[in-house]
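Each chain, letter by letter, is given below.
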Amino acid sequence: MKNVAVIGAGTMGNGIAHVFAEKGFIVSLIDVNASQLEKAVATIGKNLDRQVTKGLITENGKNEALSRIITYTDMQAGLAGVQLVVEAATENIDLKLKIFTQLDQLAAPETILATNTSSISITKIAAATQRPGKVIGMHFMNPVPVMKLVEIINGYATTQEVTETITQLSVQLGKEPCVVNDYPGFIANRILMPMINEAIYSLFEGVAGVSEIDTVMKLGMAHPMGPLQLADFIGLDVCLSIMRVLHDGFGNPKYAPCPLLVNMVTAGKLGVKSGEGFYVYTAGSKELVVSKSFQ
């Protein structure tokens with residue numbers, strides 16, 4: 001396997017393209033928005049520059065990696081000759097079903113179709129295709145070039161051969177693969193998101209303030225980032241979407257999203273991406289300015 005396609009040139013998509021290109025793969029980076037593709041390649045270049053500065057790769061290695069990334073706004077052209085597609089579009093079930101229907105029609109029959117979804121059913125996505133055995137979850141963590149984990153999710157029909165191929169490929173990328181089964185939230189978000197939601201409930205109910213909640217979890221539980229700051233980093237809209245997947249999928253009230261989270265997303269306070277969430281951020285930066293008061 002030498003030729004892969006990545007669908008979506010956002011934060012996750014450009015990170016996935018980065019790691020494949022760095023490891024010698026020819027990458028078709030596909031997005032409907034040409035300016036987003038330009039931005040993605042610029043971001044990959046900056047991240048590779050950081051690796052050069054740290055002595056992780058050479059300047060020549062950086063240039064070679066960038067030369068392996070070819071951008072496309074036309075999906076059919078970008079899929080020519082690829083053995084694997086990794087979809088990294090917005091976490092929206094209708095959009096993903098539409099994309100996978102298109103991928104199934106345009107990609108070669110032997111091509112494996114993977115999704116970077118963090119919570120949506122692989123089985124449901126696979127049902128939009130005529131190749132459910134070749135559909136699998138390949139959930140990278142953010143930031144992709146840094147984080148080692150790849151959560152590999154088997155759909156109901158995913159074949160053992162496809163699982164083994166993607167597991168071996170993840171190792172080839174320098175990642176640590178963990179294979180799990182297809183139930184709401186998988187493992188990573190089934191555990192992480194209820195913790196974040198409980199932290200938001202603790203704030204909502206006035207148990208403690210933003211900085212106090214995050215400090216307890218950082219110093220008491222050795223978390224590198226508090227749950228509220230992490231929610232801001234992930235995006236509060238993404239957190240809400242995943243909580244709704246859990247709540248709908250299990251029908252258990254313990255997964256009900258906190259009303260404060262719902263209100264903040266409704267108000268457009270999405271965290272780092274909007275400049276304000278549980279913290280206020282410097283414009284164009286992930287650097288905290290101050291925690292907000294919710295009293």
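Residues numbered from 1 in each chain as written. Predicted model: local features only at pLDDT ≥ 70, side-chain atom pairs only at ≥ 80, totals over all residues. Heavy atoms only, no water.

**Student:** Describe the environment of Gly277, listing the residues and the values that go with them.
**Tutor:** Tracing the backbone through its elements, the reader meets Gly277 in the loop between α12 (259–266) and β9 (279–281). C-alpha separation for the pair Gly277 and Lys98, spaced 179 residues apart in sequence, amounts to 31 Å. (Helix = DSSP H or I, 4+ residues; strand = E, 2+ residues; numbered from the N terminus.)

**Student:** Break down the packing of aromatic side chains for me, with residues and values.
**Tutor:** Inspection of the entire model under this criterion finds three aromatic pairs. Look at Phe20 and Phe25: their rings are 5.2 Å apart centre to centre, the planes differ by 90 degrees, and that puts the pair in the edge-to-face class. For the pair shown, Phe20 and Phe25 are each scored as buried. Ring centres of Tyr201 and Phe204 lie 6.3 Å apart, and the angle between their planes is 70 degrees; this geometry places the pair in the edge-to-face category. With Tyr201 and Phe204 both in helix α8 (residues 188–204), this residue pair falls three residues apart, about one helical turn. The exposure class assigned to Tyr201 is partly exposed, which follows from its relative accessible area of 21%. The residue whose ring lies beneath Lys2 is Phe25, and the NZ or CZ to ring-centre distance is 5.7 Å. (Phe/Tyr/Trp six-rings, centres within 6.5 Å; stacked < 30°, edge-to-face > 60°. Buried < 20%, exposed > 50% of the residue type's maximum accessible area, 1.4 Å probe, protein only. Lys NZ or Arg CZ within 6 Å of the ring centre and 35° of its normal.)

**Student:** How would you summarise the domain arrangement of the protein if you had to cite specific residues and measurements?
**Tutor:** Taken domain by domain, the protein consists of domain 1 (3–181) and domain 2 (187–289). For domain 1 and domain 2, the distance between their C-alpha centroids amounts to 26 Å. Each side of the interface is counted separately: domain 1 has eight residues, and domain 2 has seven residues. Across the interface of domain 1 and domain 2, roughly 600 Å² is buried in total on both sides, 58% from carbon and sulfur atoms. Broken down residue by residue, the surface that domain 1 buries against domain 2 is led by Ser118, Ser119 and Glu151, which jointly contribute 51%. (Domains from an automatic or database assignment. Contact = heavy atoms within 4.5 Å. Buried area = accessible area lost by both parts, 1.4 Å probe.)

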